[in-house]
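Here's the letter readout for the chains.
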Amino acid sequence: MICPFCKFPDSKVIDSRPKIDRIKRRRECVRCGARFTTFEIVEKPMLMVEKRSGSYEEFNRNKLITGIFSAIKKRPVTMEQVEKIADHVENHFANELKNVARSKEIGELVLEQLKEIDAIAYIRFASVYEDFTDVKSFIAAISDIEKR
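Residues numbered from 1 in each chain as written. Predicted model: local features only at pLDDT ≥ 70, side-chain atom pairs only at ≥ 80, totals over all residues. Heavy atoms only, no water.

### Section: the sheet that holds strand β4 (residues 48-50)
At step 1: Here we have three strands laid out as an open sheet, ordered β5-β4-β6, and mixed in their pairing. This sheet does not close on itself; its edge strands, each paired only once, are β5 (56-58) and β6 (100-102). For this sheet, the mean inter-axis angle between neighbouring strands, taken without regard to orientation, is 30°.
At step 2: Bridging between β4 and β6 involves three bridges; their strand directions are parallel. Along β6, the bridge assignment pairs Val 49 with Ala 101. (Pairing = 2+ DSSP bridges. Helix = DSSP H or I, 4+ residues; strand = E, 2+ residues; numbered from the N terminus. Axes fitted to C-alpha atoms, helices over the stretch in contact; angles between N-to-C directions.)

Laid out in structure tokens, this is it:
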């Protein structure tokens, strides 16, 4: 790391502290002894989402969280649980080194997580994601949950 004071190209790490989405490092220049802070973040590859229509758009974490929020409205689901679901989806595709995900895959990952957290939120999300058009679809989804 280049020293911002003397521009020497070498420094040593004095302290390292992990934060939620990055690592904070306290550094000291080997030549002049000046101390400075750097932040290290993990660069995730850009994830594209293939929509049902066949079009593509960039993955938007906030859009995913908004969709989950509509399903958990007035339910005992915390913001932390919603963040974990979004993290799970992002990490799933990053771990598989995929840069294109079908919207169906994303929906299935969210449903899998919601099923463990709250049955009502699961049904709500499934009704939009799977595009329920009649009562039979709701009954089938509820029956599926009751079996488990």
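### Some details on the sheet that holds strand β2 (residues 23-29)
At step 1: Ordered in space as β1-β2-β3, the three strands form an open sheet in which the pairing is antiparallel. Lying at the two open borders of the sheet, with one neighbouring strand each, are β1 (11-18) and β3 (35-40). Put simply, the sheet's adjacent strands are angled 25° from each other on average, direction ignored.

### A look at helix α4 (residues 119-129)
At step 1: Of all the residues in α4, the buried ones are Ala 121, Tyr 122, Ile 123, Phe 125, Ala 126, Ser 127 and Tyr 129.
At step 2: Of the surrounding secondary structure, the elements contacted by the buried residues of α4 are α1 (61-72), α3 (103-117) and α5 (135-147).
At step 3: Backbone nitrogen of Ile 120 and a side-chain oxygen of the N-cap are separated by 3.3 Å at the start of α4; the cap is Asp 118. (Buried < 20%, exposed > 50% of the residue type's maximum accessible area, 1.4 Å probe, protein only. Contact = heavy atoms within 4.5 Å. Polar contact = N/O pair within 3.5 Å; in protein donor to acceptor, adjacent residues only side chain to side chain.)

### Details of the packing of α1 against α4
Helix packing geometry: the angle between the two helix axes and the distance between the axes.
At step 1: At a closest axis distance of 8 Å, the pairing of α1 and α4 adopts a crossing angle of 125°. The pairing of α1 with α4 is recorded here as oblique in orientation. The crossing of α1 and α4 is right-handed. Two secondary-structure elements touch here, α1 through Gly 67, Ile 68, Ser 70, Ala 71 and Ile 72 and α4 through Ala 121, Arg 124 and Phe 125.
At step 2: Of the residues that constitute the contact of α1 with α4, the class distribution is five nonpolar, two polar and one charged. (Parallel < 35°, antiparallel > 145°, perpendicular 65-115°, else oblique. Left-handed = near helix turned anticlockwise from the far one by under 90°. Nonpolar A, V, L, I, M, F, W, Y, C, P; charged D, E, K, R; others polar.)

### Topic: α1
Side chains that are three or four residues apart share a direction in an α-helix, a result of its 3.6 residues per turn.
At step 1: For α1, spanning twelve residues, the distance from its first C-alpha to its last is 17 Å, which sits close to the expected 16 Å at 1.5 Å a residue.
At step 2: Within α1, the full set of buried residues consists of Arg 61, Leu 64, Ile 65, Ile 68, Ala 71 and Ile 72. Buried residues in α1, looked at end-on, bunch into an arc of 115°, giving them a common side. Across from the buried face of α1, at angles greater than 90 degrees, the exposed residues are Asn 62 and Thr 66. (Expected span 1.5 Å × (residues − 1). Arc of directions from axis to C-beta.)

### Points about the nonpolar core
Generally speaking, soluble globular proteins have nonpolar side chains that are buried together.
At step 1: The biggest cluster of nonpolar side chains holds 28 residues, and the ones touching the most others in it are Leu 64, Ile 68, Val 89, Ile 106, Val 110, Leu 114 and Phe 125.
At step 2: Where this core is concerned, the elements lending two or more residues are α1, α2 (79-95), α3 and α4.
At step 3: Top contributing element to this core by residue count: α4, with six residues.
At step 4: Each residue touching Phe 125, except ones within four places of it in the same chain, is listed here: Gly 67, Ile 68, Ala 71, Gly 107, Val 110, Leu 111 and Leu 114. (Core = buried A, V, L, I, M, F, W, Y, C linked by side-chain atoms within 4.5 Å.)

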